[in-house]
There are 2 protein chains.
Amino acid sequence: MTQEQFSKYSFLLDRTARKVKQYAQQQFKMGEFDITVDQWLVMKNLSENEVLSQTALANLVFKDHPTLTRIIDLLCKKGYVERIPHPQDRRSFHLNLTQSGLQKVSELKPQVSQIREKAWENLNSKDFEEFKRILNTIYANLEQNN
Amino acid sequence: MTQEQFSKYSFLLDRTARKVKQYAQQQFKMGEFDITVDQWLVMKNLSENEVLSQTALANLVFKDHPTLTRIIDLLCKKGYVERIPHPQDRRSFHLNLTQSGLQKVSELKPQVSQIREKAWENLNSKDFEEFKRILNTIYANLEQNN
DNA sequence: CGGATATAGTTGTTATACTAACTATATTTG
DNA sequence: CAAATATAGTTAGTATAACAACTATATCCG
C-alpha cells in the first residue's frame, strides 16, 4: 500500500465523525432536546460519576479545559449543572447535576441510544469490535508521550 | 450487544478524529507549513482538479458552502489561491492555485503523507480495508436521503 | 417577455477545538 | 517560612462546523 492511499483514512475519519455528530444533532433538534451532542456527553458523564472536578471531567470526556469551561458555562445557564465550591481547594469546583439536569438525563438516555443505533445498520458485533480496536490503536499511536 | 455499548462508538470516533487532526496540526506547526489541516485538504484537491467552482470543491471535500467560503478567503489572503470570475456565470468562480500555492502543495505533499503514516503503526492493510468499509457504511447509514 | 424558482456564493450567529496567556490558589523545597 | 513551582480554572484569539438568512444572477415556464 502506498503512502498516498493510507492518507485517505484521515479524510474518511473526519467526514464520518462529522456526519455522526451532525446526524445526532439534527435528531436532538427535532426532539427539542434543548442541548447539543457535546453537552449531552458532559451531562451523561456527570450522571455516572458522583463528585467530579472540571479537570476530572475533562479527562473523562477527552476535552481540553477551555472547551469544558464553556460547555459547563452553557449547562449552568440552562440550569442543568451547578458549580459547587470545593470545600478544601478554593481553586476547584464540584460539578453537580441539578434536579432538572438529572431529569433531563434520564429522559434523554433511551432516546440518544436509539439515535446512535442507526449508524450500525448493516454492521454486526464483530465489526464493532474491529472498529473499536482500530480506533484505539490509532489514538494510542498518536498520543503525545510517544 | 446492548444499545448502551453501541453508543460508545460515537465517543471513540469523535475522540480519534480529533486526535488525528490535532496531531497533524501540531506537525504542520512544527514544520512551519503556514496552513491548517483543513486548508491543506482544500489545496490538495485544487491541485488534483483543474477547473473547480466553490460548489464543486465543497462536494469533493464534504464541507458546506459557508465553511468553504471562509477557508478560501484565508487561502486567498495567504496568496495560495485566487478566485477567477467564471466567464459565463457571474455568480460563480473558478478557483485556481497560484504559483506559490502550487509550490506549497508539491513541497508539503510528501511531508503530509509521512505525518499521516504514524497513525497506522501496528496496523496492516487488512485493518485499513476494514476501517474504510465500516466508516463508509456508517456514513451511508446516516445520509439524509434515507 | 416576465414572474417564479433555482443556484452560487456570502454573511451572521452559535458551538466546539486548540493554543497561549492569564489569575488565583496550593504545594514543594531550599 | 518564603520563593519557586505546580495546579484549577478562565479569558482571548483563530479556525472549523452547522444552520439560517441573505444577495446576485440564471434558468424555467406560462
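See the structure above.
Below you will find a few notes about this structure. Note that the structure is a prediction, hence the values are computed from the model and not measured.

1. Points about the overall build of chain A
Here comes step 1: Summing up its helical and strand segments, chain A has seven helices and two strands in all.
Here comes step 2: Shown N-terminal to C-terminal, the secondary structure of chain A runs as helices and strands in the order α-α-α-α-α-β-β-α-α.
Here comes step 3: For chain A, the C-alpha atoms occupy an extent of roughly 55 × 40 × 25 Å along the three principal directions.
Here comes step 4: Residue burial in chain A is summarised as follows: out of 146 residues, 45% are buried.
Here comes step 5: Across chain A, the fraction of contacts at a sequence separation of at least 24, relative to all contacts at a separation of at least 6, is 46%.

2. Digging into helix α4 (residues 54-61) of chain A
Here comes step 1: Taken as a whole, α4(A) has its buried residues at Q54(A), L57(A), A58(A) and V61(A). For α4(A), the angular spread of buried residues about the axis comes to 105°, placing them on one side.
Here comes step 2: The secondary structure elements touched by the buried residues of α4(A) are α3 (37-48), α5 (65-77), β1 (81-85) and β2 (93-97) of chain A together with α2 (8-30) of chain B.
Here comes step 3: Positioned one or two residues after α4(A), F62(A) has a phi angle of 60°, which is positive.

3. Details of the interface of chain B and chain A
Here comes step 1: Counting residues at the interface gives 58 residues for chain B and 58 residues for chain A.
Here comes step 2: A per-residue breakdown of the area chain B buries against chain A is headed by Y9(B), K19(B) and L142(B), which together make up 11% of the total.
Here comes step 3: Our enumeration of links across chain B and chain A arrives at four salt bridges.
Here comes step 4: Among the ionic pairs, D127(A) bridges to R133(B), the shortest N-O distance being 2.7 Å.
Here comes step 5: Inspection of the chain B/chain A interface yields 16 residue pairs in polar contact (both at pLDDT 80 or more).

4. With respect to α2(B)
Here comes step 1: For α2(B), built from 23 residues, the straight-helix expectation of 33 Å at 1.5 Å per residue is met to within 8% by its first-to-last C-alpha distance of 33 Å.
Here comes step 2: A positive backbone phi angle near 55° is found at E32(B), which sits one or two residues after α2(B).

5. Observations concerning unusual backbone geometry
Here comes step 1: The backbone phi angle of F62(A) is positive, close to 60°, even though this residue is not glycine.
Here comes step 2: Among the structural elements, F62(A) can be located in the loop between α4 and α5.
Here comes step 3: By relative accessible area, F62(A) is classed as partly exposed at 32%.
Here comes step 4: A positive phi angle, close to 70°, is found at D34(B), a residue other than glycine.
Here comes step 5: Structurally, D34(B) is set in the loop between α2 and α3 (37-48).

6. Quick notes on the packing of helix α2 (residues 8-30) of chain A against α3(A)
All names here are of chain A.
Here comes step 1: Orientation of α2 relative to α3, taken along the N-to-C sense of each, is 85°, at an axis distance of 9 Å. With respect to α3, the axis of α2 lies roughly perpendicular. Between α2, through K21, A24, Q25 and F28, and α3, the contact on the second element is made entirely by V37, D38 and W40.
Here comes step 2: Class assignment for the residues of the contact of α2 with α3 results in four nonpolar, one polar and two charged.

7. A few points about the side chain of S92(A)
Here comes step 1: By secondary structure assignment, the location of S92(A) is in the loop between β1 and β2.
Here comes step 2: Not counting residues up to four positions away in its chain, the partners in contact with S92(A) are S53(A), I84(A), P85(A) and H86(A).

8. A short note on the protein's contact with DNA strand D
Here comes step 1: The immediate surroundings of DNA strand D are formed by 30 residues, with Q26(A), T55(A), T69(A), R91(A) and T36(B) found nearest.
Here comes step 2: Counted by atom, the contact set of DNA strand D within 4 Å of the protein is 69% sugar and phosphate.
Here comes step 3: R90(B) is positioned with one of its backbone polar atoms (N or O) 2.9 Å from a phosphate oxygen of DNA strand D.
Here comes step 4: Contact distances for DNA strand D include 3.3 Å between a base oxygen and a side-chain N or O atom of R91(B).
Here comes step 5: Elements that contribute at least two residues to the surface near DNA strand D include exactly α2, α4 and α5 of chain A together with α3 and α5 (65-77) of chain B.
Here comes step 6: Top element by residues in the surface near DNA strand D is α5(B). It accounts for five residues.
Here comes step 7: Partitioned by chemical class, the residues of the surface near DNA strand D number five nonpolar, 12 polar and 13 charged.

9. A short note on the side chain of Q54(A)
All names here are of chain A.
Here comes step 1: In this fold, Q54 is placed in helix α4.
Here comes step 2: Only 3.5 Å separates the side chain of Q54 from the side chain of T69, close enough to count as a polar contact.
Here comes step 3: For Q54, the residues in contact, after removing those within four places along its chain, are L68, T69, I72, R83, F93 and L95.

Cut-offs used in this document
- Residues numbered from 1 in each chain as written.
- Chains lettered and ligands numbered in written order.
- Predicted model: local features only at pLDDT ≥ 70, side-chain atom pairs only at ≥ 80, totals over all residues.
- Heavy atoms only, no water.
- Helix = DSSP H or I, 4+ residues; strand = E, 2+ residues; numbered from the N terminus.
- Buried < 20%, exposed > 50% of the residue type's maximum accessible area, 1.4 Å probe, protein only.
- Contact = heavy atoms within 4.5 Å.
- Arc of directions from axis to C-beta.
- Buried area = accessible area lost by both parts, 1.4 Å probe.
- Salt bridge = Lys/Arg side-chain N within 4 Å of Asp/Glu carboxyl O.
- Polar contact = N/O pair within 3.5 Å; in protein donor to acceptor, adjacent residues only side chain to side chain.
- Expected span 1.5 Å × (residues − 1).
- Axes fitted to C-alpha atoms, helices over the stretch in contact; angles between N-to-C directions.
- Parallel < 35°, antiparallel > 145°, perpendicular 65-115°, else oblique.
- Nonpolar A, V, L, I, M, F, W, Y, C, P; charged D, E, K, R; others polar.
- Near = heavy atom within 4 Å.

Spatial relationships are all this shows, so hold off on functional conclusions.
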